[in-house]
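Okay, here's what each chain looks like letter by letter:
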Amino acid sequence: IVVPSDFAKQSFIAHGLAQRKLYVQPYGVDLDSFKPVTKEDSTFRVLFVGAVSIQKGIGYLLDAMKPLVDRRLAELWLVGGLDETSKHILAGYKDVFVYKGPQPRRALPWYYSQASVLVLPSVQEGLGLVQAQAMACGVPVIATTNTGAENLFTDGVEGFILPIRDPQSIRAKVEWMIGHPTERASMGAAAIQRVKGIGGWNRYGERCLTMYREILARKAACR
C-alpha cells in the first residue's frame, strides 16, 4: 500500500495494517507550471487554496484571522469551491475573507504569488498538494500536522507546522510572518529550493518504479 505521507501511513497503522506493507512516496509538483510571478502590491495576504470545508479546517483559519483583519494587519483570500457544510461557518465571518471562487490550474501560480503565506489548517488529508505548489512559487507555508506537511518541509525553515484545531497557534505564526519580512522572504526562497529537491511528477514516477522493482525482487527471492 503506497501512501503520500507519514501522517497517512500512521492512520493505516492505527487501523491494524502491518507497517511492512506500507510505503511512503510524497507526491511531486509540476515545476514547469508552478513558479513565482511578480506580486502586484505590498499587502500582507494570507491565502487558502482548496475545498472550503470543515475537513480543511476553514473555521479555525477564519477564527485565527479575524483579529488580524479587523486591525487591518492582513488580508485573507479563499480560493476553491464552497462545501455545503461550511456555509454556516462562513456566514459568521463575512468581513474576514475575500472569496475568489474556484480557479483553473493555470491561474493558480498568480494567486500563490500574490500571497505572503499559504495557510492549510486541515483536520485531515493524505498530503495537501497546494503546499508544494505554493512552495514552488516562493511562498512559505503554515500547515497542520495532518496535511503531510512534514514530508514536504521542515518546521521553522520553509514555514511552520502546527497542531490541528488551534487558531491561536495559526494567528501567532501569521503575526510572526507579519513582523519578520526578511525571515519570511528567506523561508520563501528556502521553499523553492526544497521543492526542487523533491522534484516533479517524473521524479515521483521514478521513485515509484524503483520501489515496485525492489518489492518484486524481494518477492522473487523468497520463492
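See the structure above.
Residues numbered from 1 in each chain as written. Predicted model: local features only at pLDDT ≥ 70, side-chain atom pairs only at ≥ 80, totals over all residues. Heavy atoms only, no water.

Draft legend 1. Molecular detail of the overall build of the chain. When helices and strands are tallied, the chain shows eight helices and eight strands. By the compact-globule yardstick of 17 Å for 223 residues, the chain fits well, its C-alpha radius of gyration being 18 Å. If one aligns the C-alpha atoms of the chain with their principal axes, the spans along those axes are about 70 × 35 × 30 Å. Out of the 223 residues belonging to the chain, those deemed buried represent 48%. (Helix = DSSP H or I, 4+ residues; strand = E, 2+ residues; numbered from the N terminus. Rg over C-alpha atoms; globule rule 2.2 N^0.38 Å. Buried < 20%, exposed > 50% of the residue type's maximum accessible area, 1.4 Å probe, protein only.)

Draft legend 2. Representation of the sheet that holds strand 8 (residues 159-162) in the model. Here we have six strands laid out as an open sheet, ordered 5-4-3-6-7-8, and parallel in their pairing. If you trace the sheet from one side to the other, it starts and ends with strand 5 (98-101) and strand 8, each paired once. For this sheet, the mean inter-axis angle between neighbouring strands, taken without regard to orientation, is 20 degrees. Together, strand 3 (45-49), strand 4 (75-79) and strand 6 (117-120) form the strand contacts of helix 2 (residues 58-70), whose direction differs from that of strand 4 by roughly 165 degrees. (Pairing = 2+ DSSP bridges. Axes fitted to C-alpha atoms, helices over the stretch in contact; angles between N-to-C directions. Contact = heavy atoms within 4.5 Å.)

Draft legend 3. How the structure looks around unusual backbone geometry. Its identity as a non-glycine residue notwithstanding, R72 has a phi of 60 degrees, on the positive side. By the secondary structure assignment, R72 is in the loop between helix 2 and strand 4. You can call R72 exposed: its relative accessible area is 77%. Even without being glycine, R165 reaches a positive phi, approximately 55 degrees. Locating R165 in the fold gives a position in the loop between strand 8 and helix 6 (167-179).

Draft legend 4. Up close: the side chain of S5. The residue S5 is located in the loop between strand 1 (2-3) and helix 1 (6-14) in this model. S5 gets classed as buried once you look at its relative accessible area, which sits at 0%. A polar atom in the side chain of S5 sits 3.1 Å from the backbone nitrogen of A8. (Polar contact = N/O pair within 3.5 Å; in protein donor to acceptor, adjacent residues only side chain to side chain.)

Draft legend 5. A look at the packing of helix 6 against helix 7 (residues 181-198). The interhelical angle for the contact between helix 6 and helix 7, taken along N-to-C directions, is 105 degrees, at an axis separation of 5 Å. The pairing of helix 6 with helix 7 is recorded here as roughly perpendicular in orientation. Every residue of helix 7 that contacts helix 6 at W176, M177, I178 and G179 is listed here: P181, E183, R184 and M187. Classifying every residue of the contact of helix 6 with helix 7 by side-chain character gives five nonpolar, one polar and two charged. (Parallel < 35°, antiparallel > 145°, perpendicular 65-115°, else oblique. Nonpolar A, V, L, I, M, F, W, Y, C, P; charged D, E, K, R; others polar.)

Draft legend 6. A look at the pattern of salt bridges. Scanning the entire structure with this criterion turns up ten salt bridges. In this structure, E75 engages R45 in a salt bridge whose closest nitrogen and oxygen atoms are separated by 2.7 Å. Here R45 lies in strand 3 and E75 lies in strand 4, a separation of 30 residues in the sequence. Among the residues examined, E75 registers a relative accessible area of 25% and is labelled partly exposed. Look at R45 and you get buried, because its relative accessible area is 3%. Residue D63 is joined to R171 by a salt bridge in which the shortest nitrogen-to-oxygen separation is 4.0 Å. (Salt bridge = Lys/Arg side-chain N within 4 Å of Asp/Glu carboxyl O.)

Draft legend 7. Spatial organisation of the environment of G81. Looking at where G81 falls in the secondary structure, it is placed in the loop between strand 4 and helix 3 (87-91). In this structure the C-alpha to C-alpha distance between G81 and A185, which are 104 residues apart in sequence, comes to 29 Å. Excluding residues that lie within four positions of it along the chain, G81 makes contacts with G50, A51, V52, Y99 and P102.

Draft legend 8. Structural detail: the packing of helix 5 (residues 129-136) against helix 7. Axis separation between helix 5 and helix 7 bottoms out at 7 Å; the angle between their running directions is 120 degrees. Between helix 5 and helix 7, the angle is such that the two are oblique. Both helix 5 and helix 7 take part in a crossing whose hand is left-handed. On helix 7, the residues touching A132, M135 and A136 of helix 5 are A191, I192, R194 and V195. Considering only residue class, the contact of helix 5 with helix 7 consists of six nonpolar, no polar and one charged. (Left-handed = near helix turned anticlockwise from the far one by under 90°.)

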